Amino acid sequence: MSTAVAPLRTGQVLADLIPASRVRDVALVVGGAALTGLAAQLSVPVPGSPVPVTGQTFAALLVGTTLGARRGLASLTLYALAGLAGLPWFAQGTSGISVSFGYILGMILASAAVGALARRGADRSLLRTAGTMLVGEAIIYAIGVPYLAYAADMSVSAAIAVGLTPFLLGDALKAALAMGVLPTAWKLVKR
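All figures in this text were calculated on a predicted structure; none of them were measured in a lab.

Caption draft 1: Geometry of the confidence of the model for the protein chain. Across the protein chain, pLDDT averages 91, with 94% of residues at or above 70. Of all helices and strands in the protein chain, the one with the weakest mean pLDDT is helix H7 (residues 168-190) (85), whereas helix H3 (residues 69-84) scores best (98). Taken as a whole, residues 1-7 scores under 50 in pLDDT and shows 2 contacts with residues more than four places along the chain or in a different chain.

Caption draft 2: Spotlight on the nonpolar core. Core analysis: the largest hydrophobic core is formed by 41 residues, its most contacted members being Leu76, Tyr79, Tyr103, Ile104 and Met107. Elements with a minimum of two residues in this core: helix H1 (22-40), helix H2 (56-67), H3, helix H4 (101-119), helix H5 (126-151), helix H6 (156-163) and H7. Sequence-distant contacts of Tyr79, defined by excluding residues within four places in its chain, comprise Ala33, Thr36, Gly37, Ala40, Gln56, Trp89, Phe90 and Ile104.

Caption draft 3: Geometry of a nonpolar patch on the surface. Nonpolar side chains collect at one region of the surface, where Val26, Val30 and Leu78 lie side by side and expose about 240 Å² of accessible area between them. Structurally, the position occupied by Leu78 is in helix H3. Classification of Leu78 by relative accessible area gives partly exposed; the value is 34%.

About the cut-offs
Residues numbered from 1 in each chain as written. Predicted model: local features only at pLDDT ≥ 70, side-chain atom pairs only at ≥ 80, totals over all residues. Heavy atoms only, no water. pLDDT = per-residue confidence, 0-100. Helix = DSSP H or I, 4+ residues; strand = E, 2+ residues; numbered from the N terminus. Contact = heavy atoms within 4.5 Å. Core = buried A, V, L, I, M, F, W, Y, C linked by side-chain atoms within 4.5 Å. Buried < 20%, exposed > 50% of the residue type's maximum accessible area, 1.4 Å probe, protein only. Patch = residues over 30% accessible without salt bridge, like charges linked within 9 Å, V, L, I, M, F, W, Y side chains within 5 Å. Areas by Shrake-Rupley, 256 points an atom, 1.4 Å probe, with all protein chains shown as cover. Salt bridge = Lys/Arg side-chain N within 4 Å of Asp/Glu carboxyl O.

As structure tokens, then:
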């Protein structure tokens, strides 16, 4: 008699391993929003940029990959709506619309995209996780940088210089962290 664990199915995200219920889904969505809000408080100003380095993007992508597209989208939407309503949990304890709000909009879409990729197994190996995180980061910047240019009344090249270039190294480190966390979590679950 074999004691091997049945293989995990593609089509699952880590959150699907918790017994399904509405309470679970609500708790995961609220928890993902709270995690993102807490991670946003890990904030370091970047000289010359109106956008700080935060843990927020890492949290948003982690929420999307672990919760899946639907719950990740709901979680980051809740995060954004609560911040717009005045909850001071955007970067540096701010709320409302600022020149960096486009990055938050990008995080909403990125969480859904990485969640959809994770449901297809893109969070189970180092290289696939790296690719998933790069897709998510690209979505965040594709919305955040043009929004920054518009909101701060600067050229796109200036927005790239202050809203993208200074963050590339940090984003590479965040992707490396995700490359370690997500595949390791799946390996632990298989035991």
